[in-house]
Amino acid sequence: MTSDENETIFEEAVEVLRANDRGIYTVPTEGLYPFQWNWDSCLTALGQSHYDERRAWTEIETLFAHQWPDGMVPHIVFHVASDGYFPGAGVWATNRPVPTSGITQPPVAGFAVKRLFMRARNKALAAQHAKSLVLKIDAWHHWFHANRDPHGEGLVAILHPWESGRDNSVDWDAALERVPTEGVEPYTRRDTQHADPAHRPTKAQYDRYLWLVQHFRGLGWNNARLHDASPFRVVDPGFNAMLIRSSADLADVADAIGEHRIAADNRARAEEGRAALDELWSDRHRQYLCLDRVAGELVDNASIGGLLPIFAGLDTGRAAELAATIERQVEAVSYGVPSELPTDRRFEAKRYWRGPSWLITNYMIADGLATAGHHAIAERIVDVSLDLIRRSGFAEYYDPLTGEPCGGGRFSWTAAMVIEFLRRQHDA
Ligand code: DGY
């Protein structure tokens, strides 16, 4: 790509972010997702930081202004009334001053804040913003360990597929079979009015998503009770990799601003997590697998969740083994990294997290590979990602076989990742 082409793409990406900007938060995309989403916002802030540092800090601060008293940071903040999304605030009924959902999402705030902090041109502004965010992110990390690893296994569980961000991954199929559907209140989906139903989760999956929401609501959203009371408890290596990376990154920022106790706690959490992660390694698949904590078994499925630990920082040997697996996956399709093994019979090229490639996971995987010294494959993933943009625009995700755009259009985090890829030489 010429540098002129790159500049055009950069400008288009900024335009997408500005169009989705609601002043103090950014919607993932018009229509399909009309509120603030947790990990979308943290990743979007990375893109914003390249043209408006102050706005980038605000994005994350707005999210954390809605942190629960127990430390949880919800996956959706319903800043405005809108019936364009289901399930809306009334279904969650979390009784918060500004309505929020009652579950969380992948913790990438610690990672994003370190990036913002290290690359800040305005250091005084950065230190000021980092000060309060570090305390809040630490409280969230503490919440994870207390509530999602209550028996001290070193890794945290998700209690709802929506928490993983990989809503309909094959990884959850067996665990979701244990979730009943009796008693699910009648509902009308909105997502399938904004996006092609063939690109979205199925009704059978939605019924179970809703059952879990009703079940947790019936328990008064009491986080101390939900883990043991949930029929769905899965340890996702990808989710844990993000928590580990965020803990390690938060520790660095905490040290830089003199919060040494927070730094030590988060470094210890990251170390404990890295050690525990090794129990999810599969010699047969040459990657990590999910653990179904209710069944006490590893889930026999090779998804992108098991590649994301490269983002956590692994020892040299494991990193090399995982890099080789990632390379095979990228070579198996035209536009990787696919979210599901393409040779698996359950692979679906266009259905959300059952096959499509996503720029956010490409970004995290490329970052982890580069940090571990696997530069060639990292660069290949960046090139493929930029090819997708030129070919198909700023889509939510892409068919890894044809590169076709899928899901929602003009997507904030896709645009933010493009800005990151184009400006990565500025990274700390
Ligand atoms: C959705 O509604 O598709 C989201 O992934 C849930 O947060």
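Refer to the structure printed above.
The structure displayed is predicted, hence computed values, not measured ones. (Residues numbered from 1 in each chain as written. Predicted model: local features only at pLDDT ≥ 70, side-chain atom pairs only at ≥ 80, totals over all residues. Heavy atoms only, no water.)

Observations regarding the overall build of the protein
Here is step 1: A count of helices and strands for the protein gives 17 helices and 9 strands.
Here is step 2: Referenced to the eigenvectors of the C-alpha coordinate spread, the extents of the protein come out at roughly 55 × 50 × 45 Å.
Here is step 3: Expressed as a percentage of its 428 residues, the buried residues of the protein come to 62%.
Here is step 4: When contacts within the protein are restricted to residue pairs at least 6 apart in sequence, long-range pairs at least 24 apart make up 71% of them.
Here is step 5: The centroid of the 44 positive side-chain charges in the protein is displaced by 2 Å from the centroid of its 59 negative side-chain charges. (Helix = DSSP H or I, 4+ residues; strand = E, 2+ residues; numbered from the N terminus. Buried < 20%, exposed > 50% of the residue type's maximum accessible area, 1.4 Å probe, protein only. Contact = heavy atoms within 4.5 Å. Lys, Arg positive; Asp, Glu negative; His and termini not counted. Charge placed at Lys NZ, Arg CZ, Asp CG, Glu CD.)

Remarks on the sheet that holds strand S3 (residues 234-235)
In a beta sheet, neighbouring strands are held together by backbone hydrogen bonds and run either parallel or antiparallel to one another.
Here is step 1: Across the sheet, 3 strands lie side by side as S3-S6-S7; this open sheet has antiparallel pairing. Bordering the open sheet on either side are S3 and strand S7 (297-298), each of which pairs with just one other strand.
Here is step 2: As defined by bridge partners, strand S6 (residues 291-292) adjoins S7 across 2 bridges and the pair is classed as antiparallel. Paired with Leu291 across the strands is Leu298, a residue of S7. (Pairing = 2+ DSSP bridges.)

Concerning the site of the ligand
Here is step 1: Looking at the ligand, the residues that line it are Tyr33, Trp37, His75, Tyr85, Trp162, Asp167, Arg200, Tyr206 and Tyr352.
Here is step 2: At a separation of 3.0 Å, an oxygen atom of the ligand approaches a polar side-chain atom of Tyr33.
Here is step 3: The side chain of Arg200 places a nitrogen or oxygen atom 2.8 Å from an oxygen atom of the ligand.
Here is step 4: In the complex, 96% of the free accessible area of the ligand, which totals 230 Å², lies under the protein chains.
Here is step 5: Placement of the ligand is best described as lying within the largest cavity.
Here is step 6: Grouping the constituent residues of the shell around the ligand by class yields 6 nonpolar, 1 polar and 2 charged. (Near = heavy atom within 4 Å. Polar contact = N/O pair within 3.5 Å; in protein donor to acceptor, adjacent residues only side chain to side chain. Areas by Shrake-Rupley, 256 points an atom, 1.4 Å probe, with all protein chains shown as cover. 1 Å grid on protein atoms, 1.4 Å probe; cavity = no way out; pocket = protein on both sides within 12 Å on 5 of 7 lines; lining within 4 Å. Sits in = over half its atoms within 2 Å of the grid points. Nonpolar A, V, L, I, M, F, W, Y, C, P; charged D, E, K, R; others polar.)

Notes on the packing of helix H15 (residues 359-371) against helix H17 (residues 412-422)
Each packed pair of helices is defined by two parameters, the angle between the axes and the distance between the axes.
Here is step 1: Remark: H15 packs on H17, axes separated minimally by 9 Å, with the N-to-C direction vectors making an angle of 30°. For the element pair H15 / H17, the angle class is roughly parallel. Relative to H17, the crossing made by H15 is left-handed. Residues Leu359, Ile360, Asn362 and Tyr363 of H15 form the contact with H17, whose participating residues are Trp413, Thr414, Met417, Val418, Glu420 and Phe421. (Axes fitted to C-alpha atoms, helices over the stretch in contact; angles between N-to-C directions. Parallel < 35°, antiparallel > 145°, perpendicular 65-115°, else oblique. Left-handed = near helix turned anticlockwise from the far one by under 90°.)

What about empty space enclosed by the protein?
Here is step 1: Taken as a whole and assessed by the stated rule, the structure comprises 2 cavities of 30 Å³ or more.
Here is step 2: In this structure, the largest cavity occupies an estimated 210 Å³ of space.
Here is step 3: Here the second largest cavity is characterised by a volume of approximately 50 Å³.
Here is step 4: Lining the second largest cavity are His145, Gly154, Leu155, Val156, Asn240, Leu243, Ile244, Ser247, Arg269, Ala270 and Gly273.
Here is step 5: Take the lining of the second largest cavity: its biggest share by element is 4 residues, from helix H12 (residues 237-256).
Here is step 6: Among the residues making up the lining of the second largest cavity, the classes are represented as 5 nonpolar, 5 polar and 1 charged. (Points joined across faces, edges and corners; volume = space filled by probe spheres on them.)

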